[in-house]
Amino acid sequence: MISALLGFAGWTFVPNIATRHALKIVLQLYTHFSGRPSPAPGQQLYSQLYRYTYATVVLAYLLYNLINGSNNMAPNFYEILGVSPLVDENGLKVAFRQFAKRFHPDRVGPQGAELFMQTRDAFEALKNPTIRFAYDRFGPDVLQWSKLSTSREYLHHGLLQASGYHLATAIGLLVFSALGKQSPVKFWRYLLFFVFFGSELAYVLNPSPSAVSVFSFAFWDPTNGGTRPTLLHILFPHRVVYQHILFLHQMFIFTSIALTQVAPQLFPNNQQDEQQKFLQQISSLAAFCDREASITLHTEMQSLHPSTRTSRSEMQPVLQPTTEVIDALAVELKNMIIETKVKQDAGPLRNIWESAIARKRTRSDAGASRLVIPSSDTERTQPSTPASACEGEGKLPSPRPSPPPRISSYVRARSLSWS
């Protein structure tokens, strides 16, 4: 029981751990035989090698669980006596006498009494061909069934008891399919269930399969005289029907688990792959935009310190602005807030603002008319462009003096940052 539980629990972590270690060996072999460097994670070749390695590990773990479950199966009455399941009644008597001589409690002590009594009870019961027929199909539980006398009654009672397993399995598959994601694996699970269910019925109901039976090759009943041995008979020649049925149950459970794990690796969902690629592209684009924004912010802040020269390839942390720079920025922000409030006001402040702007324009025009620009040949008067022409329609200029420009330092900082 503990071994079976460990086998089920192992499916949650053994394939992944074994695949990580096996993949290292596969990549080394690939590099050794191909002469090429190992593919990096995320490349298509790496994904293919991982899928094939994972499928191989799952298949190996499936075989391990089947072999382990088969070896841990309790022996049948014929195996205890050391005879073939085809032995007749006289052969059973001879085998039991030899067993009694070797394992009688008087010879082996009290520790062998339980085994001897169980074997003796089974031998007495199996003298009856009807009980032997039921034992071969439903196991030692038939020895506890009472008020049954014919093979038909034993068969009916045994099928009713076996139906509980199949009913619980079918409900489990329906619930698992309803709660899980849409996947083609569901179809294969149902197909496995019906194949193994039909195989069990063929074992129980066909004591002598006909030549046209679809189950005659893979399944064999000892009561047919052994004239047509099949795969299970070759693998387990001393076992009877109920043991083969138990093995089929184990095979169905472990195969379903293996199929659930390996199918998404061998047959990945193309839509999910496209979504993952799209998310990777978005992540790369976001990282690129973040870097460009950082470079731009760095350039803007470095323009406040024209003496510091930083290249794009050797970008340094933004220097802490000096006290003078912070004070200048504070004054500028304060003036911008005041201008915005005044421009939005429709009362007397706006009228005063417009009057100040008009006086400033008048002085600018008067000063521009007297501006004389010397030339190499002649001296001529060149009027400056009016302030009103430089300003857009509907926008009010600022009457306050502008701060000293820092355009040269800013341009120098940006040119250095992109060098």
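Here, every reference points to the structure presented above.
The model shown is predicted, which means the values in this text are computed figures rather than measured ones.

Let us look at the overall build of the chain. The number of helices and strands found in the chain is 17 helices and 2 strands. Across the 419 residues in the chain, those meeting the buried criterion constitute 29%. The long-range fraction of contacts in the chain, counting pairs at least 24 apart against all pairs at least 6 apart in sequence, stands at 57%. Counting every atom, the chain has about 27600 Å² of accessible surface; 63% of that belongs to carbon and sulfur.

Quick look at helix α5 (residues 89–103) now. When the terminal C-alpha atoms of α5 are compared, their 21 Å separation across 15 residues agrees well with the 21 Å that a helix rising 1.5 Å per residue should span. Among the residues of α5, those classed as buried are Leu-92, Ala-95, Phe-96, Phe-99 and Ala-100. Mapping the buried residues of α5 onto a view down its axis gives an arc of 140 degrees, with all of them on the same face. Opposite the packed face of α5, turned more than 90 degrees from it, sit the exposed residues Asn-90, Arg-97 and Lys-101. The inward-facing, buried residues of α5 abut α4 (77–81), α7 (113–126) and α8 (129–138).

Turning our attention to the nonpolar core. With 39 residues, the main nonpolar core has Phe-77, Tyr-78, Leu-81, Val-83, Leu-92 and Tyr-135 as its most contacted residues. Looking at this core, the elements that each hand over two or more residues are α4, α5, α7, α8, α9 (151–179), α10 (185–205) and α12 (241–266). Here this core takes 6 residues from α12, the largest share from any one element. If near-sequence neighbours (up to four positions away) are discounted, Tyr-135 is found in contact with Asn-76, Phe-77, Tyr-78, Leu-126, Pro-140, Val-142 and Tyr-242. With 10 residues, the next largest nonpolar core counts Leu-62, Leu-66, Phe-254 and Ala-258 among its residues.

Relative to the helices and strands, Thr-169 is located in helix α9. Excluding its chain neighbours within four sequence positions, the residues that come into contact with Thr-169 are Phe-193 and Phe-252.

This part is about the packing of α9 against α10. Remark: α9 packs on α10, axes separated minimally by 11 Å, with the N-to-C direction vectors making an angle of 175 degrees. Our classification of the angle between α9 and α10 gives roughly antiparallel. From α9, Leu-155, Leu-159, Ala-162, His-166, Thr-169, Ala-170, Leu-173, Leu-174, Phe-176 and Ser-177 reach across to α10, where they touch Lys-186, Arg-189, Tyr-190, Phe-193, Phe-197, Glu-200, Leu-201, Val-204 and Leu-205. Here the residues of the contact of α9 with α10 sort into 13 nonpolar, 3 polar and 3 charged.

A full pass over the atoms with the stated rule returns 3 salt bridges. The residue Lys-93 makes a salt bridge to Glu-89 at a minimum N-O spacing of 3.9 Å. With Lys-93 and Glu-89 both in helix α5 and 4 residues apart, this pair spans about one turn of that helix. For Glu-89, a relative accessible area of 39% gives the class partly exposed. Here Arg-120 ties to Asp-121 by a salt bridge, and the two come within 3.9 Å at their closest N and O atoms.

Right, let's get into a nonpolar patch on the surface. There is a patch of nonpolar side chains on the surface, built from Leu-167, Ile-171, Val-175 and Leu-179 and spanning about 420 Å² of accessible area. Along the chain, the position of Leu-167 falls in helix α9. The exposure class of Leu-167 is exposed, given its relative accessible area of 55%.

How each quantity is defined
- Residues numbered from 1 in each chain as written.
- Predicted model: local features only at pLDDT ≥ 70, side-chain atom pairs only at ≥ 80, totals over all residues.
- Heavy atoms only, no water.
- Helix = DSSP H or I, 4+ residues; strand = E, 2+ residues; numbered from the N terminus.
- Buried < 20%, exposed > 50% of the residue type's maximum accessible area, 1.4 Å probe, protein only.
- Contact = heavy atoms within 4.5 Å.
- Areas by Shrake-Rupley, 256 points an atom, 1.4 Å probe, with all protein chains shown as cover.
- Expected span 1.5 Å × (residues − 1).
- Arc of directions from axis to C-beta.
- Core = buried A, V, L, I, M, F, W, Y, C linked by side-chain atoms within 4.5 Å.
- Axes fitted to C-alpha atoms, helices over the stretch in contact; angles between N-to-C directions.
- Parallel < 35°, antiparallel > 145°, perpendicular 65-115°, else oblique.
- Nonpolar A, V, L, I, M, F, W, Y, C, P; charged D, E, K, R; others polar.
- Salt bridge = Lys/Arg side-chain N within 4 Å of Asp/Glu carboxyl O.
- Patch = residues over 30% accessible without salt bridge, like charges linked within 9 Å, V, L, I, M, F, W, Y side chains within 5 Å.

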